[in-house]
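Summary of structural features
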Amino acid sequence: MKNININICVRVYSYEELTDEDRALVDEAKQATYRSYAPYSQFNVGAALRLNDETVVTGSNQENAAYPAALCAERTAIFYANSRYPDHPVKALAIAARNKSGVFTDKPVAPCGVCRQVINETENRYKQPIRILLYGRQGVYAVNSIQDLLPLQFNESDME
Ligand code: THU
């Protein structure tokens, strides 16, 4: 028997401590929460992507009376970016959410498992790590790759 020890690094910043570039992307994600369609959960999530050419693409969660038909903010943004700008790699992603009371969550909201898999596919597609910023009023979590949120991930190479 042997162990595989996985070293994950999550950096925690105050909002004020962020670089101008990171803070601007977080602000875009926060703004995107106001364009969410979430009448069922009343949990408004916003996502903002920065592409290599500095284009910013945003998305928000889009719910449906048939609940499973809904789409998370992260995938709304990624699928739009990849379909509108297929030749532009994604370099960063910020996520923010407001709860039922309409206020931003104290703790950062992390992407769901399905979104992590889609972020992973995007890293592999463009062969470039994606910096991920998770906004919370108490602090902003930052990781430099989906590898830190989805270790031991399933990739195309696993099918060879
Ligand atoms: N949601 C997202 O958009 N992103 C996440 O990272 C977590 C959850 C959405 C899905 C659903 O519309 C609502 O939040 C409640 O789960």
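Everything in this summary refers to the structure shown in the same document. (Residues numbered from 1 in each chain as written. Predicted model: local features only at pLDDT ≥ 70, side-chain atom pairs only at ≥ 80, totals over all residues. Heavy atoms only, no water.)

Bringing the site of the ligand into the picture now. By nearness alone, every residue bordering the ligand is listed as Ser-41, Phe-43, Val-45, Asn-61, Glu-63, Cys-72, Ala-73, Glu-74, Ala-110, Pro-111 and Cys-112. Within the backbone of Ala-73, a nitrogen or oxygen atom sits 2.9 Å from an oxygen atom of the ligand. Between an oxygen atom of the ligand and a main-chain N or O atom of Ala-110, the distance comes to 3.5 Å. In the complex, the protein chains occlude 77% of the 370 Å² of accessible area that the ligand would expose alone. (Near = heavy atom within 4 Å. Polar contact = N/O pair within 3.5 Å; in protein donor to acceptor, adjacent residues only side chain to side chain. Areas by Shrake-Rupley, 256 points an atom, 1.4 Å probe, with all protein chains shown as cover.)

Moving on: the pattern of salt bridges. Enumeration over the complete set of coordinates arrives at seven salt bridges. As a salt-bridge pair, Lys-91 and Glu-21 come within 3.9 Å of each other at their nearest N and O atoms. One end of the pair, Lys-91, is in strand 4 (residues 90-98); the other, Glu-21, is in helix 1 (residues 20-32), and 70 residues separate them in sequence. The partly exposed category is assigned to Glu-21, whose relative accessible area is 39%. (Salt bridge = Lys/Arg side-chain N within 4 Å of Asp/Glu carboxyl O. Helix = DSSP H or I, 4+ residues; strand = E, 2+ residues; numbered from the N terminus. Buried < 20%, exposed > 50% of the residue type's maximum accessible area, 1.4 Å probe, protein only.)

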